[in-house]
Each structure stands twice: as structure tokens, then as C-alpha cells.
Amino acid sequence: MKLARAIHFDESDQRVFHSPARTGEWCISGGFEFSNWSEGDLEGRAKQAFSNGWLGAETFGRVSFVAVTQMEPAEHAALVDGLAQHFVDIYGAPSVDAARPVAEAEIAHMAELCDEHAPNTLLTVSRELTEAGVNEAFRVIEPQEADMALLAVHGSLDE
């Protein structure tokens, strides 16, 4: 199974998100967090999280870019359990057992987004609030193969 991990190219996420995700943690869309938001909620760092933040499924912080990678079955099981517990702790789910199918569905949605992409493919998310609710769109940035001519040193070391 493929999923995505948080990746940082600079420190901008530290400045734009109230709670930034940790580099390398597993991520999901996390659009459910905004299901009952209105235009009045879209201010400052909360607006940034809404507009383009993936949800780190371990720290529950936000990140701008994620990279597709392989996930092991044991990691999947732990992620489902942690997300189900988050639904109990933060959203009032009656039990981890009741929340587990919802957690599994959120992770399956992310896995479906990642499945067709090569490892190291970058993904971004953008959201907008519509009359029908939250609309999410995803952008794919394919990994670039390095051209050895760009990395090679040409000439002689004797010069």
C-alpha cells in the first residue's frame, strides 16, 4: 500500500500553520476537520490550514507538501488505531471501535490518491468552501530524474 509522508523544503510551514506536521509523518487529506466551517472561520493560520494543509496523522499538525511512499501493514494498523483514537478524543466518537471504520475510510481515500503515483511524487491539496460544503482538489508533481550532466564535474583535476 502507498501513502504519503510530510515533507518540508523550507521552514515556511512553521510560520503559516498553527501546528505544523512533523517531517516524515504519515499524512491524510484531513478535510473532515472543516466539515462544519463557514467563511467566518477562514482567517489567519486557520485559513491557511483550510486552504492547503494536509493533516499529519500522528501529530495532527498541517503540512503543505506530501511525498508518496510505501507503507507497511503494521504501520497501517497503527495509523488506523491512532486516527480512530483522535476521532474519540477530539470529535466525540463514542469509542475507538466505532471510529475505526471512519479512520480506515480516511486512510483508504489517501491510499487511493497515492496508489497510481511513483514513490517520491509530491502532492498538494487546495480547498474551497462551496454551498455544497468543502471542495478539495489535488495537484501532482512528478519526481524528476536527475540528468547526470548536471551533477558531473567536467574537466581535469590537474588544471
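Residues numbered from 1 in each chain as written. Predicted model: local features only at pLDDT ≥ 70, side-chain atom pairs only at ≥ 80, totals over all residues. Heavy atoms only, no water.

Turning next to the layout of surface pockets. Taken as a whole, the largest pocket spans an internal volume of roughly 230 Å³. A breakdown of the residues in the lining of the largest pocket according to their chemical character gives 10 nonpolar, 4 polar and 3 charged. (1 Å grid on protein atoms, 1.4 Å probe; cavity = no way out; pocket = protein on both sides within 12 Å on 5 of 7 lines; lining within 4 Å. Points joined across faces, edges and corners; volume = space filled by probe spheres on them. Nonpolar A, V, L, I, M, F, W, Y, C, P; charged D, E, K, R; others polar.)

Following the criterion strictly, the structure yields 8 aromatic pairs and no others. Summarising the aromatic geometry, the rings of F32 and Y91 are spaced 5.7 Å apart at their centres and angled 80° between planes, so their arrangement reads as edge-to-face. Of this pair, F32 sits in the loop between β2 (26-28) and α2 (44-52) while Y91 sits in helix α3 (residues 73-91), and the two are 59 residues apart along the sequence. The class of Y91 is partly exposed, set by a relative accessible area of 38%. Seen in terms of ring centroids, F34 and W37 are 4.7 Å apart; in terms of plane orientation they differ by 85°. Their pairing is edge-to-face. Accessibility expressed as a relative area gives 1% for F34, which makes it buried. Using a relative accessible area of 21% as the deciding quantity, one classes W37 as partly exposed. Members of the aromatic cluster, joined through ring pairs, are F32, F87 and Y91. (Phe/Tyr/Trp six-rings, centres within 6.5 Å; stacked < 30°, edge-to-face > 60°. Helix = DSSP H or I, 4+ residues; strand = E, 2+ residues; numbered from the N terminus. Buried < 20%, exposed > 50% of the residue type's maximum accessible area, 1.4 Å probe, protein only.)

A side chain of one charge can pair with a side chain of the opposite charge when the charged atoms of the two come close. Within this structure, the stated rule accounts for 6 salt bridges. Note that E33 and R62 form a salt bridge whose closest N and O atoms lie 2.4 Å from each other. Note that E33 is positioned in the loop between β2 and α2 and R62 in strand β4 (residues 62-63), a separation of 29 residues in sequence. Put simply, R100 and D81 hold a salt bridge, and the shortest N to O gap is 3.1 Å. You can see R100 sitting in helix α4 (residues 96-115) and its partner D81 sitting in helix α3, a full 19 residues away along the chain. For R100, a relative accessible area of 24% corresponds to the partly exposed category. (Salt bridge = Lys/Arg side-chain N within 4 Å of Asp/Glu carboxyl O.)

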